[in-house]
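Observations on the three-dimensional arrangement
Listed below are the residues making up each chain.
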There are 2 protein chains.
Amino acid sequence: MPAPGENLKINGERLWDSLMEMAKIGPGVAGGNNRQTVTDEDGEGRALFQTWCEAAGMSMGLDTMGNMFARREGTDPDALPVYVGSHLDTQPTGGKYDGVLGVLGGLEIIRTMNDLGIRTKHPIVVTNWSNEEGTRFAPAMLASGVFAGIHDEAWAYERTDAKGLKFGDELQRIGWRGDEPVGARKMHAFFELHIEQGPILEAEGVDIGVVTHGQGLSWTQVTITGKESHTGSTPMPMRRNAGLGMARILELVDDIAWSHKPHAVGAAGHIDVYPNSRNVIPGKVVFTVDLRSPDLAVIQDMEARLRREAKEICDDLKLDVSFEKVGGFDPVAFDEGCVTAIRTAAERLGYSHRNIISGAGHDACWINRVAPTAMVMCPCVDGLSHNEAEEISPEWATAGANALMHAVLETAEIVE
Amino acid sequence: MPAPGENLKINGERLWDSLMEMAKIGPGVAGGNNRQTVTDEDGEGRALFQTWCEAAGMSMGLDTMGNMFARREGTDPDALPVYVGSHLDTQPTGGKYDGVLGVLGGLEIIRTMNDLGIRTKHPIVVTNWSNEEGTRFAPAMLASGVFAGIHDEAWAYERTDAKGLKFGDELQRIGWRGDEPVGARKMHAFFELHIEQGPILEAEGVDIGVVTHGQGLSWTQVTITGKESHTGSTPMPMRRNAGLGMARILELVDDIAWSHKPHAVGAAGHIDVYPNSRNVIPGKVVFTVDLRSPDLAVIQDMEARLRREAKEICDDLKLDVSFEKVGGFDPVAFDEGCVTAIRTAAERLGYSHRNIISGAGHDACWINRVAPTAMVMCPCVDGLSHNEAEEISPEWATAGANALMHAVLETAEIVE
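Values in this document were obtained by computation on a predicted structure and should not be read as measured data. (Residues numbered from 1 in each chain as written. Chains lettered and ligands numbered in written order. Predicted model: local features only at pLDDT ≥ 70, side-chain atom pairs only at ≥ 80, totals over all residues. Heavy atoms only, no water.)

1. Some words on the overall build of chain A
The helix and strand inventory of chain A stands at 12 helices and 17 strands. For chain A, whose C-alpha radius of gyration is 23 Å, the value lies close to the compact-globule estimate of 22 Å for 416 residues. Its C-alpha atoms give chain A principal-axis dimensions of about 80 × 45 × 35 Å. When each of the 416 residues of chain A is scored for burial, the buried share is 64%. A fraction of 80% describes how many contacts in chain A between residues 6 or more apart in sequence connect residues 24 or more apart. Surface summary for chain A: the accessible area is close to 14200 Å², and the carbon and sulfur share equals 48%. Looking at chain A, you have 37 positive and 60 negative side-chain charges, and the mean spots of the two groups are 6 Å apart. (Helix = DSSP H or I, 4+ residues; strand = E, 2+ residues; numbered from the N terminus. Rg over C-alpha atoms; globule rule 2.2 N^0.38 Å. Buried < 20%, exposed > 50% of the residue type's maximum accessible area, 1.4 Å probe, protein only. Contact = heavy atoms within 4.5 Å. Areas by Shrake-Rupley, 256 points an atom, 1.4 Å probe, with all protein chains shown as cover. Lys, Arg positive; Asp, Glu negative; His and termini not counted. Charge placed at Lys NZ, Arg CZ, Asp CG, Glu CD.)

As structure tokens, then:
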């Protein structure tokens with residue numbers, strides 16, 4: 001199969017300009033973005049992406065989960081498409097690159113192919129997966145999960161946000177619920193470019209992360225019930241302080257993660273205290289414990305220890321506690337052929353590279369279940385992500401998109 | 001000075017009916033009330049109270065802080081009035097009696113006097129103090145604090161709620177910002193009836209708490225700043241998790257309170273986590289530590305230890321921390337003459353009684369600075385308050401109001 005020449009490069013300036021243009025939609029309060037899934041801002045971002053895709057000669061498909069598929073035809077009508085993409089939605093205080101780089105990097109590949117008149121045997125489809133972040137509607141990677149058959153679509157539509165609004169209704173409201181049945185497409189391969197969201201590549205001065213595995217994830221929502229009472233006149237021995245139970249469990253989570261170093265991590269990012277009044281002892285606290293490891297046995301051990309020891313903590317404090325698993329996926333091993341295509345691309349382009357385990361969940365983790373899949377990572381400043389201060393250099397973005405393009409073109413087979 | 005006869009009693013059924021009628025305004029979600037200060041519901045409650053006062057022949061005064069003063073004339077035009085009252089505002093998930101019993105108990109005294117044709121030398125003024133709870137607009141006891149010269153009125157107007165609305169604007173909006181300059185009134189004495197909000201009287205089977213002292217309070221708002229980052233791909237050693245710092249400080253607060261047993265208490269009822277997303281390590285946590293003791297030296301010691309050791313905790317975790325004192329008052333010793341009037345009333349009526357320290361702050365704690373003041377307490381079920389399940393028996397309410405009436409009438413001097 002013909003490989004692209006080593007001098008074949010994307011237009012880094014154009015890619016960067018598009019990233020900055022997209023970042024104007026749903027601006028954050030501190031230089032980043034708040035373009036949460038199926039909001040008006042998400043709709044605006046989708047429309048801009050569609051305009052760009054159509055200008056590049058692609059036709060847009062839209063499925064019932066709002067996943068967008070911009071297609072550039074190949075020369076073989078029977079060849080399955082090579083898919084490339086990520087997500088345009090962001091965290092409430094998110095950055096300009098998490099997800100967006102993977103979508104616009106895919107678009108830039110097509111623009112470069114157009115510039116240079118490159119044709120491929122396989123069609124290439126640039127994809128925007130709905131609701132990757134999962135902040136507004138848990139779980140994360142909702143729509144790629146439905147596409148891959150992990151979640152039921154009807155269940156996904158019923159996911160509610162903090163205001164009680166449903167994902168399906170909001171998708172309809174913003175006008176991006178399509179007719180194409182979700183998951184009907186067959187893929188020759190799927191490639192996702194993403195910023196690392198961790199500090200390793202930058203610290204080691206490496207250009208390209210060749211993602212061999214994805215860390216597994218477990219989200220456990222913990223609900224502690226004590227007794228609301230007056231902070232002044234309830235003697236210490238008579239208190240059932242749900243906030244104190246939460247404090248001790250947060251300390252436990254930290255301990256659990258450290259006990260499986262160096263790869264395991266654990267924390268609670270979401271904590272709601274009820275009634276959240278200065279002079280009322282918390283009667284209820286709801287929080288979500290996020291535990292991750294590349295080793296399935298470790299995840300299972302961490303979950304079990306959390307439930308066992310959190311129960312002991314709450315028993316000691318005369319608190320009731322319940323646990324609900326609200327999200328998670330097993331560790332992922334990406335397709336060997338696709339991983340090799342990325343490593344080969346980095347070598348051909350003269351980039352330094354290393355194997356890396358993805359610490360975060362990605363749409364690629366689900367798509368790996370239904371198609372040969374791999375990921376490219378580029379460094380980000382200080383490992384910072386899910387933060388408005390998230391930053392990458394134009395050079396890193398360019399190198400990542402170049403490696404992505406070479407892997408995609410080798411897999412889609414350039415027609416000479 | 002003539003004392004009321006031991007057979008003089010309020011109409012307990014009428015008092016109870018009025019309590020139930022008022023509870024229909026701003027109902028909670030679980031049988032209690034959500035009638036927060038200067039909301040539309042607060043305005044409705046005020047209007048009902050005014051209607052009742054006017055029906056009982058009183059004239060209503062309203063000051064610039066929205067404090068309400070329903071006056072029944074005395075026989076001596078030069079005699080200062082005896083004031084009696086409490087507050088009609090509630091917690092967001094509050095009970096039907098906290099505050100309300102003290103206001104409607106005052107009204108019931110007047111109704112009983114009208115029934116029996118009792119006249120007093122001193123006028124009697126039934127008072128509803130604005131924003132006692134302080135949940136929507138901190139600090140608690142805001143308007144009685146301005147009345148007593150503790151707070152500046154302009155500062156009080158500028159207090160903002162979680163939505164950024166200002167107390168002064170909201171008071172104006174609901175139509176209860178009066179013209180009378182706040183604090184201009186002189187008082188012969190002030191009496192406040194309140195539910196205990198603690199478990200002591202019920203546990204000991206005592207009818208009447210004679211409140212000799214009020215516990216001092218310190219509210220310290222703690223702001224911890226770490227670094228928002230991805231829960232999956234940020235290695236444990238590189239985290240600056242503000243949630244973990246908060247957890248350790250909550251444990252510290254518990255330890256501080258226990259170290260000053262049996263009277264000191266401590267907890268955090270208000271905790272806000274930012275950005276509060278499941279897969280973002282908290283970059284900021286803001287919470288309020290509530291510390292109380294009847295001993296000023298203990299409060300000062302607890303505050304100092306909190307600031308010192310919380311700083312150490314945050315230094316260890318590479319977190320920044322700042323402290324702001326957002327509320328507080330020194331322990332209070334009530335007026336000996338007024339306290340004696342209450343004790344004498346309980347004895348005359350044949351009620352069991354004991355001295356008690358108020359665990360909660362009350363308007364009486366501020367008014368004690370500008371007038372001879374004391375408080376009566378009645379039991380409440382299970383010590384529960386600041387909770388929709390707050391409950392008292394009609395008998396407890398009646399006994400409390402009877403003791404209140406006898407103390408008020410003895411002080412206002414019945415004219416034979």
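Read on, since the account is not over.
2. A short note on the relation of the copies chain B and chain A
Of the two same-sequence chains, chain B is brought onto chain A (RMSD 0.1 Å, axial shift 0.0 Å) by a rotation of 180°. Such a turn and shift between the copies fits a two-fold axis. Minimal C-alpha distance to the rotation axis in chain B is attained by B:Ala247, lying at 2.1 Å. A high fraction, 100%, of the interface residues of chain B reappear at the interface in chain A, so the copies pair face to face through one surface. (Least-squares fit on C-alpha atoms with pLDDT ≥ 70 in both.)

3. Description of the layout of surface pockets
Space inside the largest pocket adds up to approximately 1100 Å³. What lines the largest pocket is a set of 39 residues, among which B:Thr135, B:Arg136, B:Thr160, B:Asp161 and B:Ala162 lie closest to the centre. At the level of elements, β8 (216-225), β10 (265-274) and β13 (320-329) of chain B are the ones that each hand at least two residues to the lining of the largest pocket. The leading source of residues in the lining of the largest pocket is β13(B), at 6 residues. Each residue belonging to the lining of the largest pocket can be placed in one class, and the counts come to 17 nonpolar, 13 polar and 9 charged. Its volume calculated, the second largest pocket comes out at about 830 Å³. Together, 25 residues line the second largest pocket, and A:Thr135, A:Arg136, A:Thr160, A:Asp161 and A:Ala162 are the ones closest to its centre. Elements that contribute at least two residues to the lining of the second largest pocket include exactly β10 (265-274) and β13 (320-329) of chain A. Tallying contributions element by element places β10(A) first for the lining of the second largest pocket, with 3 residues. (1 Å grid on protein atoms, 1.4 Å probe; cavity = no way out; pocket = protein on both sides within 12 Å on 5 of 7 lines; lining within 4 Å. Points joined across faces, edges and corners; volume = space filled by probe spheres on them. Nonpolar A, V, L, I, M, F, W, Y, C, P; charged D, E, K, R; others polar.)

4. Structural notes on the packing of aromatic side chains
Per the counting criterion, the structure on display carries 16 aromatic pairs over all chains. Where A:Trp16 meets A:Tyr97, the ring centres are 5.6 Å apart and the plane angle is 25°; that geometry is what we call stacked. Placement of A:Trp16 in helix α1 (residues 12-23) and of A:Tyr97 in the loop between β3 (82-86) and α3 (100-116) is noted, with a sequence separation of 81 residues between them. On the accessibility criterion, A:Tyr97 (1% relative accessible area) is buried. One residue, A:Arg111, lies across the ring of A:Trp52, its end atom 5.4 Å from the ring centre. Cation over ring: B:Lys284 sits above B:Tyr274, and NZ or CZ is 4.9 Å from the ring centre. (Phe/Tyr/Trp six-rings, centres within 6.5 Å; stacked < 30°, edge-to-face > 60°. Lys NZ or Arg CZ within 6 Å of the ring centre and 35° of its normal.)

5. Details of the pattern of salt bridges
Following the criterion strictly, the structure yields 48 salt bridges over all chains and no others. Residues A:Asp40 and A:Arg173 are paired through a salt bridge, measuring 2.9 Å at the closest nitrogen-oxygen approach. Within this pair, whereas A:Asp40 is found in helix α2 (residues 40-55), its partner A:Arg173 is found in helix α6 (residues 167-173), the two being separated by 133 residues in sequence. Owing to a relative accessible area of 47%, A:Asp40 belongs among the partly exposed residues under this scheme. In this structure, the salt-bridge partner of B:Asp161 is B:Arg136, at a minimum N-O distance of 3.0 Å. One end of the pair, B:Asp161, is in the loop between α5 (153-157) and α6 (167-173); the other, B:Arg136, is in the loop between β5 (124-128) and α4 (142-147), and 25 residues separate them in sequence. We note that B:Asp161, like B:Arg136, is buried. (Salt bridge = Lys/Arg side-chain N within 4 Å of Asp/Glu carboxyl O.)

6. Here we look at the pairing of strand β7 (residues 208-214) of chain B
All names here are of chain B. Across the 7 residues of β7, 6 count as buried, placing the element largely inside the fold. When β7 meets strand β15 (residues 353-358), the two strands line up parallel, connected through 6 bridges. Looking at the pairing, His213 lines up with Ile357 of β15. Of the strand pairs in this sheet, β7 and strand β16 (residues 373-378) are connected by 3 bridges, and their pairing is antiparallel. Considered in β16, the bridge of Val211 is made with Met375. Taken together, the 2 bridges between β7 and strand β14 (residues 332-333) define a ladder with antiparallel strand orientation. Across the sheet, the residue bridging to His213 is Ala333, located in β14. (Pairing = 2+ DSSP bridges.)

7. Considering the environment of B:Tyr351
Residues and elements named next belong to chain B. Its location among the elements puts Tyr351 in the loop between α10 (336-348) and β15. Overall, the relative accessible area of 17% leaves Tyr351 in the buried class. Among the polar contacts made by the side chain of Tyr351, one reaches the side chain of Asn402 at a distance of 3.0 Å. (Polar contact = N/O pair within 3.5 Å; in protein donor to acceptor, adjacent residues only side chain to side chain.)

8. Quick word on the environment of B:Ile414
Inspection of the secondary structure puts B:Ile414 in strand β17 (residues 414-415). Distance from B:Ile414 to B:His122, taken between C-alpha atoms, is 8.6 Å for residues 292 residues apart in sequence.

9. A look at the sheet that holds strand β8 (residues 216-225) of chain A
Residue and element names in this part refer to chain A. If you trace the 4 strands from one edge of the open sheet to the other, you get β10-β12-β8-β13, paired in antiparallel fashion. Unpaired on one side and paired on the other, β10 and β13 mark the two borders of the sheet. Taking each pair of neighbouring strands and ignoring which way they run, the sheet shows an average axis angle of 15°. Contacts from helix α8 (residues 242-258) reach β8, β10 and β12 (284-293), with the element oriented near 5° to β12. (Axes fitted to C-alpha atoms, helices over the stretch in contact; angles between N-to-C directions.)

10. Here's the deal with the sheet that holds β8(B)
Residue and element names in this part refer to chain B. Pairing within the open sheet is antiparallel, and its 4 strands lie in the order β10-β12-β8-β13. Each edge of the open sheet is held by one strand with a lone partner, namely β10 and β13. Averaged over all pairs of adjacent strands, the angle between strand axes in this sheet comes to 15°, irrespective of strand direction. Sheet topology note: the β10/strand β12 (residues 284-293) ladder contains 9 bridges and is antiparallel. From the neighbouring strand, His270 faces β12, where its bridge partner is Thr288. In the packing of helix α8 (residues 242-258) onto the sheet, contacts are made with β8, β10 and β12, and the angle to β12 comes to roughly 5°.

11. Remarks on helix α12 (residues 394-412) of chain B
Residue and element names in this part refer to chain B. Its 19 residues place the ends of α12 26 Å apart at the C-alpha level, agreeing with the 27 Å of an ideal helix rising 1.5 Å per residue. Of all 19 residues that make up α12, 16 are buried, and the element is covered over most of its length. Looking one or two places after α12, you find Glu413, whose phi comes out positive at around 65°. (Expected span 1.5 Å × (residues − 1).)

12. Examining the side chain of B:Asn131
Residue and element names in this part refer to chain B. Along the polypeptide, Asn131 turns up in the loop between β5 and α4. Within polar-contact distance, the side chain of Asn131 engages the backbone nitrogen of Gly134 at 3.1 Å. Aside from chain neighbours lying at most four places away, what touches Asn131 is Thr37, Asp89, Phe137, Pro139, Ala140, Met141, Leu142, Ala143 and Phe167.

13. Considerations on the interface of chain B and chain A
In this assembly, 65 residues from chain B lie in contact with 65 residues from chain A. Between chain B and chain A, roughly 5400 Å² of surface is buried when both sides are summed, and carbon and sulfur atoms account for 56% of that area. Taken as a group, B:His230, B:Met236 and B:Arg278 account for 15% of the area that chain B buries against chain A, more than any other trio of residues on that side. Remark: the boundary between chain B and chain A carries 6 salt bridges. A salt bridge links A:Arg248 to B:Asp254, with the shortest nitrogen-to-oxygen separation between them at 3.9 Å. Connecting chain B to chain A are 35 residue pairs in polar contact (both at pLDDT 80 or more). (Buried area = accessible area lost by both parts, 1.4 Å probe.)

14. Notes on the packing of α1(A) against α3(A)
Residue and element names in this part refer to chain A. Two elements in contact, α1 and α3, have axes separated by 10 Å at closest approach and are oriented at 140°. Taken as axis vectors, α1 and α3 run oblique relative to one another. When you trace α1 past α3, the crossing you get is right-handed. For the pair formed by α1 and α3, the contact residues are Arg14, Leu15, Ser18, Leu19 and Met22 on the first element and Val100, Leu101, Leu104, Gly105, Glu108, Arg111, Thr112 and Asp115 on the second. Counted by class, the contact of α1 with α3 contains 6 nonpolar, 3 polar and 4 charged residues. (Parallel < 35°, antiparallel > 145°, perpendicular 65-115°, else oblique. Left-handed = near helix turned anticlockwise from the far one by under 90°.)

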